[in-house]
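Examining the three-dimensional arrangement
What follows is the residue order along each chain.
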Amino acid sequence: MKTYDIYDEERIARMLHVQEANSLDFNSSIPWTTAIDLSKPLLPLDTESLLFPETTEAERLAISQIMGLVVAASISQLESVAVSLQGPTWDKVLKKHPVGPEFRSLGEHFYADEAKHSLAFDRYVAIFAREIGLETGELKAFLPSSNSMIRKIYALNSRLGGAAIWWLIAALEEESIEIYKRMRSSNEALEPLYLALHRAHFEEEIRHKSYAVMMLQLHQAQGTRPFSKFDFLLSETLNFLWSFQQLAKLRGIGALRNRHQFFETISGLCEKFKGQNTLQMMSALCYRTPYTRGMIQLSQHREVQELLKEFGGYRLPFAAANEEKLCTV
Ligand SMILES: [Fe+2]
Ligand SMILES: [Fe+2]
């Protein structure tokens, strides 16, 4: 696993220069004025997933679209949570353990990136809502939103010297990179605006993902706290609870059944799932469903596992998952 010398000012200055020189203007580099193509899926799907057996083409399209909206809203919400915690989980940490002005500038650039990404994913959800004849708030009511209690726990963990938020950020960055890699293999078939948004996000995540690793290193350099091995476990547990809480909102989507065919199809699917018990559903979402699996299991990524080895830390005891087979709907 790659680690960094956070006190190497020249190297940090070079990283900042590369990120600034390549920074994307998400207003001009993404074709926002192009209408969303509602006939195309947002994400490639695993057609052999047991959660969605024997679905029609229209149902698979609707699943891909609702999954895509859940992913967009999750990225938007979680990156905005990271930005809202900049004071307690970054500024205060650097004031207590100063590194160098370049490292601080690199962090400011990192937060500017995340604020930009959060707005862009939010914008996509708003455009999608408009295209299917809804107010943004009506659609967002069924999509992931932030939880103020969880935010307070991350702030408290940081006040106690913990790095839980940086574990969350590191894992989510790997997940969003992974999502684009999956999309890339079937890009012709996918909705062009959604694909362009993920491509731009991927480029910037690849360039700045080292910052979370460096913040973990900074925490590590302050010596071991009694509970530092539990920081990742805390993030994974909070994210696990948050993910199920957010996914449960989809159960109410039938209320929009008469507003657009999209919801008619989704609510028909929800009826099909009523025969499955909660444990079956949780297991499917956790292990066999692409995207929700990545959302729920922060420790599934190889890079995160390597970080856990490097810094030491406990994780939730998930069983090994089967390999997914992806294809377009
Ligand atoms: Fe981002
Ligand atoms: Fe990021």
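Bear in mind that the values here come from a model prediction, so they are computed numbers and not experimental data. (Residues numbered from 1 in each chain as written. Chains lettered and ligands numbered in written order. Predicted model: local features only at pLDDT ≥ 70, side-chain atom pairs only at ≥ 80, totals over all residues.)

1. Describing the overall build of the chain
When helices and strands are tallied, the chain shows 14 helices and 0 strands. Each helix and strand of the chain, placed in order from N terminus to C terminus, yields the pattern α-α-α-α-α-α-α-α-α-α-α-α-α-α. Taken over 329 residues, the chain has a buried fraction of 39%. Here the analysis covers contacts within the chain between residues at least 6 apart in sequence; of these, 82% occur between residues at least 24 apart. (Helix = DSSP H or I, 4+ residues; strand = E, 2+ residues; numbered from the N terminus. Buried ≥ 20, exposed ≤ 12 C-beta atoms within 10 Å, placed from the backbone. Contact = placed C-beta atoms within 7 Å.)

2. Some details on the packing of helix α2 (residues 57–84) against helix α7 (residues 164–184)
Where α2 meets α7, the axes come as close as 11 Å, and the angle between the chain directions of the two elements is 150°. Looking at the two axes, α2 sits roughly antiparallel to α7. Pair α2 / α7 crosses with left-handed handedness. Listed contacts from α7 to Val-71, Ile-75, Leu-78 and Ala-82 of α2 are Ile-165, Ile-169, Leu-172, Ser-176 and Ile-179. Of the residues belonging to the contact of α2 with α7, the class tally is 8 nonpolar, 1 polar and no charged. (Axes fitted to C-alpha atoms, helices over the stretch in contact; angles between N-to-C directions. Parallel < 35°, antiparallel > 145°, perpendicular 65-115°, else oblique. Left-handed = near helix turned anticlockwise from the far one by under 90°. Nonpolar A, V, L, I, M, F, W, Y, C, P; charged D, E, K, R; others polar.)

3. Here we look at the environment of Ala-255
Structurally, the position occupied by Ala-255 is in the loop between α10 (231–247) and α11 (261–273). Distance from Ala-255 to Ser-267, taken between C-alpha atoms, is 8.4 Å for residues 12 residues apart in sequence.

4. Re helix α3 (residues 86–96)
Those residues of α3 not exposed but buried are Thr-89, Trp-90 and Val-93. Down the axis of α3, the buried set is contained in an arc of 75°. They therefore lie on one face. Along α3, the residues that are exposed and aim more than 90 degrees away from the buried face are Gly-87, Lys-95 and Lys-96. Among the structural elements, α4 (101–131), α6 (148–159) and α7 are those in contact with the buried residues of α3. (Arc of directions from axis to C-beta.)

5. Considering the environment of Glu-174
Assignment of secondary structure puts Glu-174 in helix α7. Take Glu-174: there are 21 C-beta atoms within 10 Å of it, and that puts it in the buried class. As for Glu-174 and Leu-298, which are separated by 124 residues in sequence, their C-alpha atoms are 9.2 Å apart. Beyond its immediate stretch of four places on either side in the chain, Glu-174 contacts His-301, Glu-303 and Val-304.

6. Some points on the nonpolar core
Among the nonpolar cores identified, the biggest contains 71 residues, and Trp-166, Ala-170 and Leu-216 are the most heavily contacted of them. The element contributing the most residues to this core is α2, with 13 residues. Not counting residues within four places of it along the chain, the set of residues in contact with Trp-166 comprises Ala-212, Met-215 and Leu-216. (Core = buried A, V, L, I, M, F, W, Y, C linked by C-beta atoms within 7 Å.)

7. With respect to the packing of α7 against helix α9 (residues 210–221)
Contact pair α7 / α9: the axes reach a minimum separation of 9 Å and the direction vectors enclose 155°. In terms of their interaxial angle, α7 and α9 are classed as roughly antiparallel. Judged by the sense of rotation from one axis to the other, the crossing of α7 with α9 is left-handed. Counted together, Trp-166, Ile-169, Ala-170 and Glu-173 of α7 and Ala-212, Val-213, Met-215 and Leu-216 of α9 form the full contact between these two elements. Each residue belonging to the contact of α7 with α9 can be placed in one class, and the counts come to 7 nonpolar, no polar and 1 charged.

8. Here's the deal with α9
Between its terminal C-alpha atoms α9 stretches 16 Å, which fits the 16 Å expected from 12 residues at 1.5 Å a residue. By the criterion of burial, α9 is predominantly enclosed, with 9 of the 12 residues buried. Downstream of α9 by a residue or two, Gly-223 has a phi angle that is positive, lying close to 95°. (Expected span 1.5 Å × (residues − 1).)

9. Describing the environment of Met-15
Structurally, Met-15 is set in helix α1 (residues 9–22). Met-15 sits in the buried class, given 21 other C-beta atoms within 10 Å. Taking the C-alpha atoms as reference points, Met-15 and His-208, separated by 193 residues in sequence, lie 8.6 Å from one another.

Keep in mind these numbers describe shape, not what the thing actually does.
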